Every structure is written in structure tokens, then in C-alpha cells.
Protein chains: 2
Amino acid sequence: MIKTPYLLFLGDAPDPLAAKVAQGIKDWRPENCVGQLRLDGCKADMGLADMTLAEAYEAGARTLVIGVANRGGVISPLWKDVLLSAMDHGFDLASGLHNLLSEEDDLVAKAAETGRELHDVRVPTVDYPIANGVKRTGKRVLAVGTDCSVGKMYTALALDRDMRAAGMKSTFRATGQTGILITGDGVPLDAVIADFMAGSIEWLTPDNDDDHWDVVEGQGSLFHVSFSGVTMALIHGSQPDALILCHEPTREHMRGLPGYKLPSLEAVRDTALTMAKVANPDCQVVGVSVNTQHLSDEDAKAYCAEVEARLGLPTIDPYRHGAERLVAALQAL
Amino acid sequence: MIKTPYLLFLGDAPDPLAAKVAQGIKDWRPENCVGQLRLDGCKADMGLADMTLAEAYEAGARTLVIGVANRGGVISPLWKDVLLSAMDHGFDLASGLHNLLSEEDDLVAKAAETGRELHDVRVPTVDYPIANGVKRTGKRVLAVGTDCSVGKMYTALALDRDMRAAGMKSTFRATGQTGILITGDGVPLDAVIADFMAGSIEWLTPDNDDDHWDVVEGQGSLFHVSFSGVTMALIHGSQPDALILCHEPTREHMRGLPGYKLPSLEAVRDTALTMAKVANPDCQVVGVSVNTQHLSDEDAKAYCAEVEARLGLPTIDPYRHGAERLVAALQAL
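Residues numbered from 1 in each chain as written. Chains lettered and ligands numbered in written order. Predicted model: local features only at pLDDT ≥ 70, side-chain atom pairs only at ≥ 80, totals over all residues. Heavy atoms only, no water.

Draft legend 1. Expanded view of the sheet that holds strand β3 (residues 63–66) of chain B. Residues and elements named next belong to chain B. The 5 strands lie next to each other as β2-β1-β3-β4-β5, forming an open sheet whose pairing is parallel. Unpaired on one side and paired on the other, β2 (33–38) and β5 (118–120) mark the two borders of the sheet. Here the strands of the sheet are splayed against their neighbours by 20° on average, with no regard to which way each runs. (Pairing = 2+ DSSP bridges. Helix = DSSP H or I, 4+ residues; strand = E, 2+ residues; numbered from the N terminus. Axes fitted to C-alpha atoms, helices over the stretch in contact; angles between N-to-C directions.)

Draft legend 2. Quick peek at the domain arrangement of chain A. All names here are of chain A. Taken domain by domain, chain A consists of domain 1 (6–120) and domain 2 (139–332). Here the C-alpha centroids of domain 1 and domain 2 sit 28 Å apart. Taken together, the two surfaces of domain 1 and domain 2 that pack against each other cover about 1500 Å², and 60% of this comes from carbon and sulfur. For the interface between domain 1 and domain 2, the tally reads 0 salt bridges. At the boundary of domain 1 with domain 2, the tally comes to 5 residue pairs in polar contact (both at pLDDT 80 or more). Counting residues per element, the side of domain 1 that touches domain 2 draws most heavily on helix α1 (residues 20–28), at 7 residues. The residue makeup of the side of domain 1 that touches domain 2, split by class, is 8 nonpolar, 4 polar and 5 charged. (Domains from an automatic or database assignment. Buried area = accessible area lost by both parts, 1.4 Å probe. Salt bridge = Lys/Arg side-chain N within 4 Å of Asp/Glu carboxyl O. Polar contact = N/O pair within 3.5 Å; in protein donor to acceptor, adjacent residues only side chain to side chain. Nonpolar A, V, L, I, M, F, W, Y, C, P; charged D, E, K, R; others polar.)

Draft legend 3. Just the relation of the copies chain A and chain B, in detail. Of the transformation superimposing chain A on chain B, the axial component is 0.0 Å and the angular component is 180°, with the fit at an RMSD of 0.0 Å. In symmetry terms, the pair is related by a two-fold rotation axis. Interface overlap between copies is the fraction of interface residues in one copy that are interface residues in the other; for chain A against chain B it reaches 100%, indicating a shared surface. (Least-squares fit on C-alpha atoms with pLDDT ≥ 70 in both. Contact = heavy atoms within 4.5 Å.)

Draft legend 4. Geometry of the pattern of salt bridges. Residue and element names in this part refer to chain A. The tally for this structure, following the rule as stated, stands at 42 salt bridges over all chains. Notably, a salt bridge pairs D162 with R161, separated by 2.9 Å at the nearest N-O pair. For D162, a relative accessible area of 9% gives the class buried. Owing to a relative accessible area of 37%, R161 belongs among the partly exposed residues under this scheme. (Buried < 20%, exposed > 50% of the residue type's maximum accessible area, 1.4 Å probe, protein only.)

Draft legend 5. Looking closely at the pairing of strand β8 (residues 212–216) of chain B. All names here are of chain B. Among the 5 residues in β8, 5 count as buried, and that is most of the element. What you see with β8 is no split at all: H212, D214 and V216 on one side and W213 and V215 on the other are buried throughout. Pairing of strand β6 (residues 139–145) with β8 involves 4 bridges; the strand directions are parallel. Looking at β8, one finds that L142 is bridged to V216. Both strand β7 (residues 169–173) and β8 contribute to a ladder of 5 bridges, which runs parallel. Bridging from a neighbouring strand, T171 pairs with D214 of β8.

Draft legend 6. Structural context of the interface of chain A and chain B. With 38 residues of chain A at the contact, the number on the chain B side is 38 residues. Between chain A and chain B, a total of about 3000 Å² is buried, with carbon and sulfur atoms accounting for 64% of that surface. At the boundary of chain A with chain B, the tally comes to 0 salt bridges. Connecting chain A to chain B are 10 residue pairs in polar contact (both at pLDDT 80 or more). Those elements that provide at least two residues to the side of chain A that touches chain B are α7 (197–204), α8 (228–238) and α9 (265–279) of chain A. Grouping the constituent residues of the side of chain A that touches chain B by class yields 22 nonpolar, 12 polar and 4 charged.

Draft legend 7. The arrangement of the sheet that holds strand β3 (residues 63–66) of chain A in detail. Residue and element names in this part refer to chain A. Spatially, 5 strands are ordered β2-β1-β3-β4-β5 in an open sheet, and the strand pairing comes out parallel. Two strands in the sheet have a free side with no partner beyond their single neighbour: β2 (33–38) and β5 (118–120). Ignoring strand direction, the axes of neighbouring strands in this sheet form an average angle of 20°.

Draft legend 8. Looking closely at helix α12 (residues 324–331) of chain A. Residue and element names in this part refer to chain A. For α12, the full list of buried residues reads L326, V327, A329 and L330. Mapping the buried residues of α12 onto a view down its axis gives an arc of 160°, with all of them on the same face. Of the surrounding elements, those touching the buried residues of α12 are β6 (139–145), α5 (152–165), β8 (212–216), β9 (242–247), β10 (284–290) and β11 (315–316). (Arc of directions from axis to C-beta.)

Here it is in C-alpha cells:
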């Protein structure tokens, strides 16, 4: 287990989206966040107190969590001084990057010298099976998106929270580093070997009570050419009873892919449902989750109403307004 | 490079499909196959001479190629005696299994003792990039299937052969262990880490002459719940100008998935083309390749004619009848 509470390291994040790991921890486990540490030029801000390593340790923080991602998942040389110094100050390190803490000789040496722990939550620690497609008991809902980083994890976390509040049996199933850092458990799907992707999701969402819901965090998008294979494996591995469509209406192009327009919600609905029905012929699309963070209250309301009328599905921003209407749609299944 | 010619090891293959690696090498590089070595109960037969290790070495074979796959890619304990003895007889070993030769202590020790080489063609040896979706020069055709093991590699190899015969510029691009063992080059896609799947295929099919075709070996099926993510990454990473649909008409259920029916060719056409157009809006489905190995000549002809009339696409068995009509369809693009 990773020692809490955390100091969130935001590095030299080029934009707020790059710090979505830190944002997720701060939003869903604020009690675990003592402060933030930022380098010159950092464009992200969690609204936490900016602290030095010494101040954060004094305030109780015990793990420095790398809350920022570079494209390709590299540990920036700019960060090294902070990471090495953190261990001298008494911190363990935790990271969800592709480039592992445990592959950096200087970090490994420092950890050994100081007795600190290096947590690479991205590293699969299980020998996942090849998916067998056998029907499992219990129910599963999966968030699928028009793009990466449109709010699939937030949607799943909010849904899980509100399902529990409604007295339903629910478990959030993390499939990415942030989710794993938040819950301490899950499958780091984008680091799994191709042949075992769907099997890892079957493993993550096993047989359960008939009235239990696994709320499965989505990844990528069927329409994102860099990561669509990961999304596809989630759709088949999770064998979903229900899909929630996730969208961010102000995005001008697919994340990281200039020139690639976002698909329509209708296109995602049709293709994702066609694919989901291969694994579960009874699967239904039950609602739409809109990330309205860049819209005014009024515009957010109007946009959701327009989508709801167009698609005939309950449409909400679960983070802004709560996920109760999606919970009701799942209860009605 | 792997030393040729080969002795093909078929082990205790439970059925002919399990030995598709050996079958591919034998069919496309027969000049490299000195003989076969089978254990008790082996249900596969390449039609090659059954040889002992001593006989095969005497006949010139220099590498024992594991031409059989177990589900999950495990090196069976039953095989160990043969593999160890092969190195004593002077053979190198080559394998495309998930379970690596280089992870077996006894094989590694024997290789060191005897000076032999262990070739794990499944191991990625390149740090593949994340796909960027940027439009590349040259043309690409990808084989997509209704199921696994329906003839996608054969289709691509036959297409490449017949395109060259027609004076076209063509390169077969291997994406699986058999293709890599046949050509000595390629991407072992099912062993690539999820996030880098599509990028590995972009790497495999780079910018080229405007009139050059990459003929990309397909993997899995969008409708196979165990491996659909791999197929999806191929469709987006290869940025295809053309798709060939591949089918085996006597299959009673999806390979390895009792209870899962094969999709229609129409369903594969529609979903694969929808997804391919994300990466290349001009992509077209140009033909159908039917694996008619379990049909009589008459039934094969009738089946292809029926599909051709139904889909309005040239429909042939490239292995049985040649791929010329598919080549013509590509030339007409």
C-alpha cells in the first residue's frame, strides 16, 4: 500500500490536462492531499497550498505522487532533482508513468540508500489470462468516450458514489494510473500486453452478486487512432450490461491528433453498442455524461438538454450536477 | 538472422490449426523446411518427412523451429526433452510463443553450454512510438477477418506474391510470429504493450513511394472478444487505403469461444470500414478472401459466387485460385 497523505508533484505541466492524475486524486480523495509542488512554468494548479518538500513533510505528507504525465510517459530530467531530494526528506515516490521509477538507476540507488519505496502503479503485477468470453454473474456499466480525457473516470467515480448513496451495490473498477492511485487497486490497462488486455478486464470484473454493479473506468476512444485498441478490449472484456457515452463539447480536435475531428455521439453510440453486443447481446446505452467544465451554467444546461432531446437519453454532467439520473437509468434496466 | 533450413517441431499439437506456424513456413518457404518432428498424439502433419534430430541435422537443418502454439503460448514440459536434446545435436531454437525460450533456465543454460542461439521472434526489439495518425505516403492494404485463423496471413502473402508478379511494388508486412519467421522481419503485435500497438504498425508501414503497397497481415477480429483490441489497433495504425475481408465458411463458432457465432461478412465490412475511415476517409473494401480448405472445388466455387453476388465484391480463395482478382481490384483504386 502507498502511504498517505500525499504531496502532489505537478512538475512543469504544459497544460491543466497534463495534470489529470493529480486532479483526480485531489477531487476524489482530497483528504489525502496535503499540498502541491510545482516547477517553473507549470501551467497546472490544483488549488492546494504550494509547499516545499520540507514543509509538506512537516505537514504530514509521506508520499510524493507524480501527478503529471508527459506524452509518452517519460520521467523528465527536470524532475530528477526533486524526486531525489524528496527521498532525502523522507518521502516515498509513487508514479503511473510508462517510464518506471524502478528503471532509473539514480532513483533506485537513492531509494536503497534512504530506505524509501518506489511505487510504479502502472506496472501489471498479475499474469492476466486470455479472455474467454464466458458470461459472468452480476452487472457491469462501462464509460465510453468520443475522445481521450473527456471525463470517463470522473463519470465512473461519480456513478459509483451516487449508486452507493442510493443503496445499490457498486464497485469502481480502475483501469488507469489515476484510478489506481485513487483506489489503490485496478488494472493498468495501457501497460498490459496486447493479447491479455480483454482478459485483464475479465479478471478485474469477476462473477458477483446478481444485483452488484461494477462501474468500469473507460480508456481512450474507439475513434482515437492512438488508443482505440485499448478501448475495444475494454468493451469486450467488461461484457457490459450498460454503456454511458462521455463527451467534452468544446474540444476542437481529438486529443494529441490535430486534424482529427471528434466523432458524433451518435457514431460512438452505434459503433460501441454494435461491439458491446458481441460480448453481451442485451447491452444498452443508458445515458450521456457531458464534461461541461468549459461551459457556463446556462450553456451547460442548454447543451445537455439539446443532446437529451437528440439522443433520447438522460444527459448530465455528473461532476457538476451529480449522477443521479444515470443511476436511475441503471436501476430501471 | 535465424539459420536455415529448419526442422519444424510440431510437438503434441491437439489439432492442425495449432500448428499454423509450421504450416505457414512450409507453405511459403518450403525450401527452408527439411522435415518435421512430432510427439505422440500429435494431430498435425505438414506432409514433410518425419525425422529424428540426428537425421534432420545430417540432412542440413540448423534451427529447430517451434511450429506449434498452445493456448496462452506456454512451452509445454512435454517439449523440454526435445528442445534440450536439439541443442546437443547442434540446432539453434526459434519460437514465437508468449512464454519465452530465454525465460527457461534450463534452455538458457544448455544454450550457453553448447554455444547455440535462442530466437524469440515474439519479443519486441524496438521502442515503438505512440501512434500520431499523421498521413503517410504510399498505399496500404489490410486483411480483416470474421474470426481468428481464417486465412488473413495467407491472403496477405498471396496478394504480395501476385502483386509482385504483376509488376507492382509490394511489401508483405508481418504482424505475427509466423509471418516474422517466414520473412525474418515485422512487429510481434500481440506482444506489444497496449499503448504502443497502433504506433508499432505506423512504424512498420512508413512513408513510401506513391505507387508502393504495404500488404499488412491482419490479426484477430473485431468480433473476437479475446483479441479485438489488437485488430482495432491494426486498422487505425495501418491507415489502410483498402481492406480485404477474410472468412472461413465452415467455422461453427469463434475460435476458442464456444457459444460465440461468427459475424456476417456484412457486419465486418460495415464496422471495419467505419473504423478505417477514421484514419483514412478514402478507405474502401475491395474484395473478399474465402478460406475454402474444407470445401470441395465445386462448393468453393459456388460459395465464392454467392458471396460475390451478395456483397458486390470480387470473392476468391487466394491460396487455392491465386489472388489476381484482388490485385486487379487494388490496381483499379
